[in-house]
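Report on the structure
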Amino acid sequence: MKPSSLSRGAAMRALLSLAIGSFGIGMTEFVAMGLLPNIAQDLLPELWAQNPDEAIGRAGILVSLYALGVVLGAPTIAGLVARFPRHRVMVGLAIALTLGNGLAVVLPTFETVGLARFIAGLPHGAYFGIGALVASDVLGPGKRAKGVAFILTGLTIANVVGVPAGTFLGQHVGWRSAFLVVTIVFALATVCIALFVPQHAGDPERTFRAELRVFRRPQVWFALATGAIGFGGFFAVYSYIAPVVTERAGAPEWMVPITLVVFGLGMTIGNLLGGVFGDRNLRLTLLVGLAAMAVVLVLLAVLSFSIWLLVPLSFVMALLSSILSPAIQTRLMEVAGDNQSIAAALNHSALNIGNSLGAFLGGLVIAWGWGFAAPSWVGAGLAVLGLGIALASYAVQRRYHTETGSVRVRDLA
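Residues numbered from 1 in each chain as written. Predicted model: local features only at pLDDT ≥ 70, side-chain atom pairs only at ≥ 80, totals over all residues. Heavy atoms only, no water.

A closer look at the overall build of the chain
How we decide: Secondary structure is summarised from DSSP: a helix means a run of H or I of at least four residues, a strand means a run of E of at least two, and numbering begins at the N terminus for each. Exposure is judged per residue with a 1.4 Å probe applied to protein chains only, and the accessible area is read against the type maximum: over 50% gives exposed, under 20% gives buried, and values in between give partly exposed. Contacts: residue pairs with any heavy atoms within 4.5 Å of one another. The method behind every accessible area is Shrake-Rupley, applied with a 1.4 Å probe, and residues are considered shielded solely by the protein chains displayed.
The secondary structure content of the chain amounts to 18 helices and 0 strands. Counting across all 413 residues of the chain, residues that qualify as buried make up 60%. Relative to all contacts within the chain whose residues are 6 or more apart in sequence, the contacts with residues 24 or more apart total 84%. Element-wise, carbon and sulfur atoms account for 68% of the exposed surface of the chain, whose accessible area totals about 15,900 Å².

Some details on the nonpolar core
Rule in force here: As used here, the term nonpolar core means buried Ala, Val, Leu, Ile, Met, Phe, Trp, Tyr and Cys residues forming a set that is joined through side-chain atoms within 4.5 Å.
Membership of the largest hydrophobic core comes to 103 residues, with the highest contact counts inside it found for Tyr-238 and Met-317. With residues near it in sequence (within four places) discarded, Met-317 still touches Phe-234, Val-237, Phe-263, Met-293, Val-296, Leu-297 and Leu-300. Judged by nonpolar contacts, the second largest core, of 11 residues, contains Ala-223, Leu-332, Leu-346 and Ala-350.

Some words on the side chain of Thr-259
Locating Thr-259 in the fold gives a position in helix 14 (residues 255–280). In this view, Thr-259 contacts Ile-241, Val-245, Ile-307, Val-311 and Ser-314; residues no more than four positions away in its chain are not counted.

Describing the pattern of salt bridges
Two side chains that carry opposite charge are able to pair once their charged atoms sit near each other. Quick note on the threshold: Salt bridges, as used here, are contacts in which a Lys or Arg side-chain nitrogen is within 4 Å of a carboxyl oxygen on Asp or Glu.
Applying the stated rule across the entire model yields 1 salt bridge. Across the pair Arg-58 and Glu-54 runs a salt bridge, and its minimum N-O distance is 3.7 Å. One end of the pair, Arg-58, and the other, Glu-54, are both in helix 4 (residues 52–59), 4 residues apart, so they sit about a helical turn from each other. A relative accessible area of 35% means that Arg-58 is categorised as partly exposed.

Let's talk about the packing of aromatic side chains
Aromatic rings in a pair are described by how distant their centres are and how their planes are angled relative to each other. Inclusion rule: Paired rings are identified among Phe, Tyr and Trp, the last through its six-membered ring, by centres lying within 6.5 Å, and are further divided according to the angle between planes into stacked (under 30 degrees), edge-to-face (over 60) and tilted (the rest). A ring has a charge above it when a Lys NZ or an Arg CZ is no more than 6 Å from the ring centre and no more than 35 degrees off the ring normal.
Summed over all chains, the structure comprises 12 aromatic pairs. Here the aromatic rings of Tyr-127 and Phe-128 are separated by 6.2 Å at their centres, their planes lie at 85 degrees, and the arrangement is edge-to-face. The pair Tyr-127 / Phe-128 is uniform in exposure class, with both members buried. Between the aromatic rings of Phe-231 and Phe-235, the centroid separation amounts to 5.8 Å while the plane-to-plane angle is 50 degrees, which identifies the pairing as tilted. Of this pair, Phe-231 and Phe-235 both sit in helix 12 (residues 218–238), 4 residues apart, which is roughly one turn of that helix. Here Phe-231 matches Phe-235 in class, with each residue buried. Members of the aromatic cluster, joined through ring pairs, are Phe-30, Phe-231, Phe-234, Phe-235, Tyr-238 and Phe-263. The aromatic ring of Tyr-394 is capped on one face by Arg-283, whose charged end is 5.4 Å from the ring centroid.

Looking at the environment of Val-365
Inspection of the secondary structure puts Val-365 in helix 17 (residues 340–367). Along the primary structure Val-365 and Gly-57 are separated by 308 residues, whereas in three dimensions their C-alpha atoms are 8.7 Å apart. Excluding residues that lie within four positions of it along the chain, Val-365 makes contacts with Trp-370, Gly-371, Ala-374, Pro-375 and Val-378.

Observations regarding the environment of Leu-155
Structurally, the position occupied by Leu-155 is in helix 9 (residues 144–173). Taking C-alpha positions, Leu-155 is 5.0 Å from Ser-22, a pair spaced 133 residues apart along the chain. Discounting residues that sit within four places of it in the chain, Leu-155 has contacts with Ser-22, Phe-23, Gly-26, Glu-29, Phe-30, Phe-128 and Met-267.

Observations regarding helix 16 (residues 307–335)
Threshold: Here the expected length of a helix is defined as 1.5 Å per residue gap, with one fewer gap than residues.
Between the first and last C-alpha of helix 16 there are 42 Å, a value that for 29 residues agrees with the 42 Å anticipated at 1.5 Å per step. Counted residue by residue, helix 16 has 23 buried out of 29 residues, so it is predominantly covered.

Regarding helix 4
Where we set the bar: Two N or O atoms count as a polar contact when they lie within 3.5 Å, although within protein this holds only if one can serve as hydrogen donor and the other as acceptor, and sequence-adjacent residues are included solely when both atoms are side-chain atoms.
Within helix 4 the residues assigned to the buried category are Ala-55, Ile-56, Gly-57 and Ala-59. Its side-chain oxygen at 3.1 Å from the backbone nitrogen of Glu-54, Asn-51 defines the N-terminal cap of helix 4.

Notes on the confidence of the model for the chain
Just so we agree on the cut-off: Scored from 0 to 100, pLDDT records how confident the predictor is in each individual residue.
Looking at the chain as a whole, its pLDDT mean stands at 83, while 89% of the residues score no less than 70. Predicted confidence in the chain is weakest over helix 11 (residues 208–211), with a mean pLDDT of 72, and strongest over helix 10 (residues 175–196), with 93. This stretch, residues 406–413, has a pLDDT under 50; its non-local contacts, to residues over four places away or in other chains, come to 23 contacts.

Comments concerning the packing of helix 12 against helix 16
Here is the rule we go by: Angles run from 0 to 180 degrees between N-to-C directions of axes, and those axes are lines fitted to C-alpha atoms, restricted for helices to the stretch in contact. Roughly parallel refers to an angle under 35 degrees, roughly antiparallel to one over 145, roughly perpendicular to one between 65 and 115, and oblique to any angle outside these ranges. It is the rotation of the near helix from the far one that decides the hand of a crossing: anticlockwise by less than a right angle makes it left-handed, clockwise makes it right-handed.
Close contact between helix 12 and helix 16 brings their axes to 10 Å; oriented N to C, the two are set at 165 degrees. Judged on the interaxial angle alone, helix 16 and helix 12 are roughly antiparallel. The handedness of the crossing between helix 12 and helix 16 comes out as left-handed. Contacts between helix 12 and helix 16 involve Gln-219, Val-220, Ala-223, Leu-224, Gly-227, Phe-231, Phe-234 and Val-237 on the former and, on the latter, Met-317, Ala-318, Ser-321, Leu-324, Ser-325, Ile-328, Arg-331, Leu-332 and Val-335.

This is the structure:
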């Protein structure tokens, strides 16, 4: 069955099946951030006894390792599977996510859990990238950004429900229980995708070598750098939100899940707005979003000493991040020409370079003793750099159009 021939009910079942998997990805990616103190205390007990702040900063490596798995796995897997039927690829990716997260439940040491997080990250980008193409096909032409936003809906809902609930569960039952729930979610997604996502023929001509041609396009590199650097600002703060709430703002531990709910609400609303804004004016959405992100991060650096200011500012930061996410992915797909599979996945490589970079730099300034406001300053600087890269990208594009008279973004090579 071709996606275009699906009934409305069948299309919704297919989209919801994909969203279950993206819910699991959102939960596995972000629940670790809310449980960093618990993970550090369990897996790094000696360092925790000597210096809890340094132990938390060290535990942030688990966030970076997951992100590194996404960065390496997204283009590699997407390029290798571009020729195969997308519904079968999605089932395989869901199985891989189930197994990868299950390892974090059973492996005993910090090093082996780090390996599990890396393995779990490998299918992440390909799942979102190929899933976004399936969602775009189901929704029909002219709704690319909305298709991207829909596949991200599960991720944003995870931040409203799954991450806070997983954090609460992990704080009271043990952090591994949260990853057990994630594993169950992915198992459910595997079954639903197998049952409800329609068959979609692959393209035998899309070889891995052919997909790699996307890297010959300068605008692809501009788009990747915009996402990696600009989004790093968000992750510099979000990776350490738990100690910011308890140490910087002095709030009790039970405020961490509440703050994560607020984050999730901001991300959910922002994701819906991002799909609409991205289809209307992609350039304005990117530039204004990055500029606003920089301003909010500066405010967080100055005002996060108060939980009553931290919570609403967290909402706005999450809102802006989710407005930017579908916009960045749509920009990549716009400039990638015929290499849509790898372009859709590369967005998640870019965002998780930002994840890894932000978590690393945020943990570094905390470990140096600069306090829990320091990651917000780091994040503001990264957002400004991302804005500069985006401006440079559009300046190059405008110059190209002026010199050639072309209006086709895909010709920028």
